[in-house]
Amino acid sequence: MALNTTNPWVPQKISPKSAIYVIPQDGTFYPESTEATADLTKVEEGKWKNIAAIKTVTYNQETEDDESQFFDAGTHLWVKEKNTQISGRTWEVEVERYTLFYEALLHGVADPLADETIAKMSAGEGEGLPIFQSNDPNVPVGVKMEIWDGSQHKLLTRYFYAYLKASGELAQDGSKILRPKLTLELQASKWSVEKTEQIFTKQTEQE
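Reading guide: rules and limits
Residues numbered from 1 in each chain as written. Predicted model: local features only at pLDDT ≥ 70, side-chain atom pairs only at ≥ 80, totals over all residues. Heavy atoms only, no water. Helix = DSSP H or I, 4+ residues; strand = E, 2+ residues; numbered from the N terminus. Rg over C-alpha atoms; globule rule 2.2 N^0.38 Å. Buried < 20%, exposed > 50% of the residue type's maximum accessible area, 1.4 Å probe, protein only. Contact = heavy atoms within 4.5 Å. Areas by Shrake-Rupley, 256 points an atom, 1.4 Å probe, with all protein chains shown as cover. Lys, Arg positive; Asp, Glu negative; His and termini not counted. Charge placed at Lys NZ, Arg CZ, Asp CG, Glu CD. Phe/Tyr/Trp six-rings, centres within 6.5 Å; stacked < 30°, edge-to-face > 60°. Lys NZ or Arg CZ within 6 Å of the ring centre and 35° of its normal. Salt bridge = Lys/Arg side-chain N within 4 Å of Asp/Glu carboxyl O. Polar contact = N/O pair within 3.5 Å; in protein donor to acceptor, adjacent residues only side chain to side chain.

Caption draft 1: Just the overall build of the protein chain, in detail. From N to C terminus, the protein chain includes three helices and 12 strands. Its C-alpha atoms give the protein chain a radius of gyration of 22 Å, more than 25% over the compact-globule value 17 Å for 207 residues. Within the span of the protein chain, comprising 207 residues, buried residues form 29% of the whole. For the protein chain, long-range pairs separated by at least 24 residues make up 67% of all intrachain contacts whose partners lie at least 6 apart in sequence. Accessible area for the protein chain stands at about 13,600 Å²; split by element, carbon and sulfur atoms hold 49% of it. Of the charged side chains in the protein chain, 21 are positive and 32 negative, and the gap between their average positions amounts to 7 Å.

Caption draft 2: Representation of the environment of V79 within the structure. Relative to the assigned elements, V79 resides in strand β6 (residues 77-81). For V79, a relative accessible area of 24% gives the class partly exposed. Residues V79 and S68, spaced 11 residues apart in sequence, show a C-alpha to C-alpha distance of 8.3 Å. Setting aside chain neighbours within four positions, we find V79 in contact with S68, Q69, F70 and D72.

Caption draft 3: Representation of the packing of aromatic side chains in the model. Counted according to the given criterion, the structure contains five aromatic pairs. A connected cluster of aromatic rings, assembled from ring pairs, spans Y59, W91 and F160. One Lys or Arg, K190, reaches over the ring of W191 and ends 4.8 Å from the middle of that ring.

Caption draft 4: Representation of the pattern of salt bridges. Across all of its chains, the model carries 10 salt bridges by this definition. Where D39 meets K42, a salt bridge forms, and the shortest distance between an N and an O atom there is 3.0 Å. Owing to a relative accessible area of 12%, D39 belongs among the buried residues under this scheme. One network of salt bridges, with partners in common, ties together E45, K144, E146 and K154.

Caption draft 5: Highlighting the side chain of S189. For S189, the location among the structural elements is in the loop between β10 (181-187) and β11 (193-196). Note on S189: relative accessible area 17%, which makes it buried. At 3.1 Å, the side chain of S189 and the backbone nitrogen of W191 are in polar contact. What S189 contacts, discounting residues up to four positions off in sequence, is P31 and Y161.

Shown next, in the form of structure tokens:
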């Protein structure tokens, strides 16, 4: 059975919830790759690491203007054009629970997604976790962002490459729950893709 043609104008009332998963970028998975092996939709499920308990996700789009003015001979008017371009896209993520990974990300641990780094997070390790070793806040990752509705139906999944970084502030007053903030800064890549589910497109099956 095939699905009928998509109607992108069908209005929907949704209250989306987000689940975010990441993998470290490496020699196979990186945004500039032209090889099909860099396709994030092909990553094995067991390799994705979940950023648990997402509270809010806010999408931001930064723009720049390269304004120009000129006299239009046809209308005999001065014309002003902003020539706006998108200069950056980010997702700001507020997490409801604190994790060892965020502890490492916030405190300058180099390569916080590496297996050997995670092993050093274990209690009782004689060597301990080396903190404040990196001044680069960006951790290059591949991202899988799932969007769910209030009835636990998955609506769509976005795959993209990004720099993951921790917010530079985290207030601790002894009474409030620590809610870390993360930023995902989009990297341009041919492997950025969005896959929608039938419950979101409202398509029906046809003969």
